[in-house]
Amino acid sequence: MIQAKALTKRYGSRKAISDVSFTVNKGEIVGFLGPNGAGKTTTMKILTGYMAPNKGEVYLDGVNVFKEPFTAKQKLGYLPEAPPVYSDMIVEDYLQYVAKLKLCPKKQIPQLVESAIKRVGLQEVRQRLIHNLSKGFKQRVGLAQALVSDPEILILDEPTVGLDPKQVIEMREVLKQLKGQHTIILSTHILSEVQMTCDRVIIINEGEIITEESLSALSQKMRAKRQILLRVKKSEDSLISALKNIKGVLSVSKNKEVFTLDVEPEDQVNEKVAQAVISSSCGLIELKEQDFNLEDVFIRLTGKQV
Amino acid sequence: MNSVFNEIKIFFRQTFLVAMKDFKSMVLSPLFFGWTGISFIFLSYNFPRDLFRFAMSYAMPVFGQSADQGRNIHFDVFVAHISYINLIFLFAVPVLGMKLLAEEKRNRTFDLLMTSPLSSLQMVLGKYFSLLMLLFLFLLFSLIYPLSTGFFTEIPLGPLVSSYIGLFLLAGVYSAVCLFASSLSQSLFLSAFIGMILNIGLWFISQQGQNSGSEVWSSIMDYLSLSAHLTHFIKGSLVINSFVFFLSLIIFFLFLVFKSVEFIRWRS
Ligand SMILES: Nc1ncnc2c1ncn2[C@@H]1O[C@H](COP(=O)(O)OP(=O)(O)O)[C@@H](O)[C@H]1O
Ligand SMILES: [Mg+2]
C-alpha cells in the first residue's frame, strides 16, 4: 500500500536520509522507530508529498506521489509533528473544512465529520474553539483531521509526543482502535510504543534503515536479554546468594539497596525472585522489569554502539 | 472533455474554499474590527472637512474667479478621499495580509495544505482572493462618503467609478506584494515589515525619476510609477496601458509567491 523506493534527501550538503526503502502492506500498522534526528519526519514528509526527495520514488496504493499528487493525496491522512489546526476555528468547522479540502463528496461530509469525532472522542469539545483546548485534545483534533476523509493510508508523525502520561495512554487507545481499518505508519522514538500498538517495526538511525522486523521477532530478540530491577529496604549479602540460586537467574549485581538481575526469558522467574526476597526479610520495596531503551535495541540488532 | 470540465470545477472549488476560509477568519478577527474602526474614524474626520472647505469656496469665491470655474467636487474632495484610502492601504494591507502564509507555516497548517489535493496555484490564488475580497469590502463601504454627497449635489459618477477601479487594482497590487512578503518567513512581524517596505518603495519609485533631470529616465520611472497610473484612473480616462501595468505587477508578484511555495515543495 505504501512503497518507498530508495529515498534520499539532502538539506543543503547535509544528508538527512539515504537510500530508504520499505513497503507497508494493506491493513498493517507499522512503527517507524528511531532516535531524534534519525530522519523520521523527513521520510514522512516525502511519503506525504509535502516535499520531493533528491532521489527515489513513493507509491501510495500504486500511485506515484510526485507524478500524480492529486490522486495520491486523496488516499492520504497525515498528522505532522505538531497538529495542523487553526486555533481560531471551532472543532467541527475545522473538520468540515479539512474534509472539503480533501475533496470528499459534499453529501458525505456531515457523516464523515461525525464519525471522525466519535472515533477520536471529541464529542465533548465539538463546539469549542480549538484555541481553548488542552494539548491532548488539540492532538486528537489533529488525528481526527487525518481521519476525517476516511483515507486508506494514515501517516502519523510522533502522535504521542509532548502529551502527559494520561493523554499518552488515551492516544494509544485511540490508535489501537484504528487497527485494521487503515494502513498506518506511525513514527516514534519510544520502543514500548511500538510494542503496544504496531504489527511490525522499521528501525531507522542516522538516515538509514537498520532493520525491518515483525514485532514478535523483535520481542524474541529483545527477550533474549531481560533484566529485573529490585529495590529493598535493607540489603544483606545473603540475599545475593539466595537470588543466584534461583533457576533462570544468570547474574546478580548490587548497588546499595538496588539489585540488578540478568534473567532468562521465562515469566516465572519474576515470581520466584519475589518469593525469595519476601522470605529473606529484606523488605521488598520495588520489583520491575527493566525497560529496554532504543540504544539497547540498536546494540542488539546491529552489534554496534550508537 | 468531461474530465477537463471536472478539473476546472475542482480548481475553482478548491481555490474558493481556501479563499472563503481565510476571508472569514480575517473578517471575524479583532484586527479587522480595529482597523476598519480606526480607518473610518480617520475618513469621517477628513471627508466632511474637505467637503466643507469645498462648499465654502463655492459660496465665497475667490475674488476675480467665477463661482464654479475650475472647481469640481471630484478633484477637490473625492481625490483627497481616494488618497487617504491609498495611504491607509499602504500601511494596513501588509498587516492584514501578514498572516496569510507566514502563520500557516508557523502553525504547521501549511503541512495540511501541502499534503491535501491542493496545487500551489490554488493555494496562492485562494490566499490572494481572500485578502482582495476583504479590501473590496472596505472599498465598498468607503464609497458611502462620496455617494452621500449626492443628496445635495450632482456627482461626477464616471470619474468616481474609474477612480475606484484604479484604487481596487492598486489594492490588488498591494495584496500580491504583501502575500509575497508573507511567503518569505514564519515571522508575522517580518512579513508586515517587508510588505510595508515594498509597498512604500513601489509607491515612491517615481519620485526618484522626477528629480533626476534625464528625460528618458524620468519617462521610464513615470511608467513604473503607481501614482502616475492611478492618476490616469482618477482623471477618468481608462487607459489600457495602466490596466496592463497594474495587472502585470499583480501577476509578477503572484508568480513570486507561487515560486516561493514551489520552492518549499521541491527543495525545502
Ligand atoms: N529543514 C531542515 N533543514 C536542514 N536540516 C534539517 C531540516 N529538517 C531536518 N533536518 C536535519 O535532518 C535530520 C533528520 O531530521 P528529522 O527528519 O526531523 O528527524 P526525526 O524526525 O527523526 O527527529 C536531522 O539531522 C535534522 O537536523
Ligand atoms: Mg521528527
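Worth saying up front: this structure is predicted, and the values here are computed from it rather than measured.

**Examining the overall build of chain A**
Move 1: Summing up its helical and strand segments, chain A has 11 helices and 14 strands in all.
Move 2: With respect to the three principal axes, the spread of C-alpha positions in chain A is 75 × 45 × 35 Å.
Move 3: Here chain A holds 306 residues, and 40% of them are scored as buried.
Move 4: If you take every contact in chain A between residues at least 6 apart in sequence, the share linking residues at least 24 apart comes to 68%.

**Some remarks on the overall build of chain B**
Move 1: Scanning chain B from terminus to terminus reveals 12 helices and 0 strands.
Move 2: Its helices and strands in sequence order give chain B the pattern α-α-α-α-α-α-α-α-α-α-α-α, from N to C terminus.
Move 3: Scored against the burial criterion, the 268 residues of chain B give a buried share of 38%.
Move 4: Pairs at least 24 residues apart make up 77% of the contacts formed inside chain B by residues separated by at least 6 positions.

**Let's talk about the site of ligand 1**
Move 1: Neighbouring ligand 1 are 12 residues, the closest being Tyr-11, Ala-16, Lys-40, Thr-41 and Thr-42 of chain A.
Move 2: Site remark: ligand 1 is flanked by residues from chains A and B.
Move 3: Secondary structure elements with two or more residues in the shell around ligand 1: strand E2 (14–24) and helix H1 (40–47) of chain A.
Move 4: Per element, the largest residue contribution to the shell around ligand 1 is 3 residues, and it comes from H1 of chain A.

**Observations regarding the domain arrangement of chain A**
Move 1: For chain A, the domain assignment lists domain 1 (2–221) and domain 2 (224–302).
Move 2: The C-alpha centroid of domain 2 of chain A is placed 38 Å from the C-alpha centroid of domain 1 of chain A.

**Section: the interface of chain B and chain A**
Move 1: Contacts between the two partners involve 17 residues from chain B, matched on the other side by 23 residues from chain A.
Move 2: Breaking the side of chain B that touches chain A down by element, the ones donating at least two residues are helix H1 (2–27), helix H5 (109–114) and helix H12 (240–266) of chain B.
Move 3: Grouping the amino acids of the side of chain B that touches chain A by side-chain chemistry returns 8 nonpolar, 5 polar and 4 charged.

**Quick word on the nonpolar core**
Move 1: Counting 131 residues, the largest nonpolar core has Tyr-94, Leu-95 and Ala-144 of chain A together with Val-173 of chain B as the members making the most contacts within it.
Move 2: Sort the elements by how many residues they give to this core and helix H8 (residues 157–183) of chain B lands first, with 14 residues.
Move 3: Setting aside residues no more than four positions away along its own chain, Ala-144 of chain A makes contact with Leu-95, Ala-116, Ile-117, Val-120 and Leu-122 of chain A.
Move 4: Formed by 12 residues, the second largest nonpolar core is a distinct cluster that contains Ile-228, Leu-243, Phe-259 and Val-273 of chain A.

**A word on the packing of H8 of chain B against H12 of chain B**
All names here are of chain B.
Move 1: Contact pair H8 / H12: the axes reach a minimum separation of 9 Å and the direction vectors enclose 15°. Comparing their axes, H12 and H8 come out roughly parallel. Here H8 and H12 pass one another in a crossing that is left-handed. Where H8 abuts H12, its residues Leu-169, Leu-170, Gly-172, Val-173, Ala-176, Val-177, Leu-179, Phe-180 and Ser-183 lie against Phe-246, Leu-249, Ile-250, Phe-253, Leu-254, Leu-256, Val-257, Ser-260 and Val-261.

**Here's the deal with the environment of Leu-224 of chain B**
Residue and element names in this part refer to chain B.
Move 1: By the secondary structure assignment, Leu-224 is in helix H10 (residues 215–224).
Move 2: C-beta crowding within 10 Å serves as the criterion here: with 16 such atoms nearby, Leu-224 is assigned to the partly exposed category.
Move 3: For Leu-224 and Ser-242, which are 18 residues apart along the polypeptide, the C-alpha to C-alpha distance reads 9.9 Å.

**A word on the sheet that holds strand E13 (residues 258–263) of chain A**
Strand-to-strand pairing in sheets goes through backbone hydrogen bonds, with the strands running parallel or antiparallel.
All names here are of chain A.
Move 1: Overall, antiparallel pairing links the 4 strands, which are arranged E12-E13-E11-E14 in an open sheet. The open sheet has two edge strands with one neighbour each: strand E12 (249–255) and strand E14 (284–289). Averaged over all pairs of adjacent strands, the angle between their axes in this sheet comes to 20°, without regard to strand direction.
Move 2: Bridge count between strand E11 (residues 226–232) and E14: 5 bridges; the pairing is antiparallel. Its bridge partner lying in E14, Val-232 is registered against Leu-284.
Move 3: Here helix H9 (residues 237–244) sits on the sheet in contact with E12 and E13, set at roughly 165° to E12.
Move 4: This element, helix H10 (residues 268–279), spans E11, E12, E13 and E14 of the sheet and lies at about 165° to E14.

**Quick look at the sheet that holds strand E1 (residues 2–11) of chain A**
Residues and elements named next belong to chain A.
Move 1: One open sheet accounts for 4 strands, arranged E2-E1-E4-E5; its pairing is antiparallel. A strand with exactly one partner marks an edge of an open sheet, and here the two such strands are E2 and strand E5 (63–64).
Move 2: Pairing of strand E4 (residues 55–60) with E5 involves 2 bridges; the strand directions are antiparallel. Across the sheet, residue Tyr-59 finds its bridge partner in E5, namely Asn-64.
Move 3: Seen against the sheet, H1 touches E1, E2 and E4 and runs at an angle of roughly 120° to E1.

**With respect to the pairing of E4 of chain A**
Residues and elements named next belong to chain A.
Move 1: In this structure, E1 lies alongside E4, joined through 5 bridges in antiparallel fashion. Considered in E4, the bridge of Ile-2 is made with Leu-60.
Move 2: Adjacent in sequence and paired antiparallel, E4 and E5 are bridged by 2 residues, among which Asp-61 carries a positive phi angle near 50°.

**A closer look at the confidence of the model for chain B**
Residue and element names in this part refer to chain B.
Move 1: When pLDDT is averaged across chain B, the result is 86; 88% of the residues are at 70 or more.
Move 2: Of all the helices and strands in chain B, H10 carries the lowest mean pLDDT, 69, while helix H6 (residues 120–142) carries the highest, 96.
Move 3: Reported confidences for the modelled complex are a pTM of 0.85 and an ipTM of 0.87.

What counts, and where the lines are drawn
- Residues numbered from 1 in each chain as written.
- Chains lettered and ligands numbered in written order.
- Predicted model: local features only at pLDDT ≥ 70, side-chain atom pairs only at ≥ 80, totals over all residues.
- Helix = DSSP H or I, 4+ residues; strand = E, 2+ residues; numbered from the N terminus.
- Buried ≥ 20, exposed ≤ 12 C-beta atoms within 10 Å, placed from the backbone.
- Contact = placed C-beta atoms within 7 Å.
- Near = placed C-beta within 6 Å.
- Domains from an automatic or database assignment.
- Nonpolar A, V, L, I, M, F, W, Y, C, P; charged D, E, K, R; others polar.
- Core = buried A, V, L, I, M, F, W, Y, C linked by C-beta atoms within 7 Å.
- Axes fitted to C-alpha atoms, helices over the stretch in contact; angles between N-to-C directions.
- Parallel < 35°, antiparallel > 145°, perpendicular 65-115°, else oblique.
- Left-handed = near helix turned anticlockwise from the far one by under 90°.
- Pairing = 2+ DSSP bridges.
- pLDDT = per-residue confidence, 0-100.

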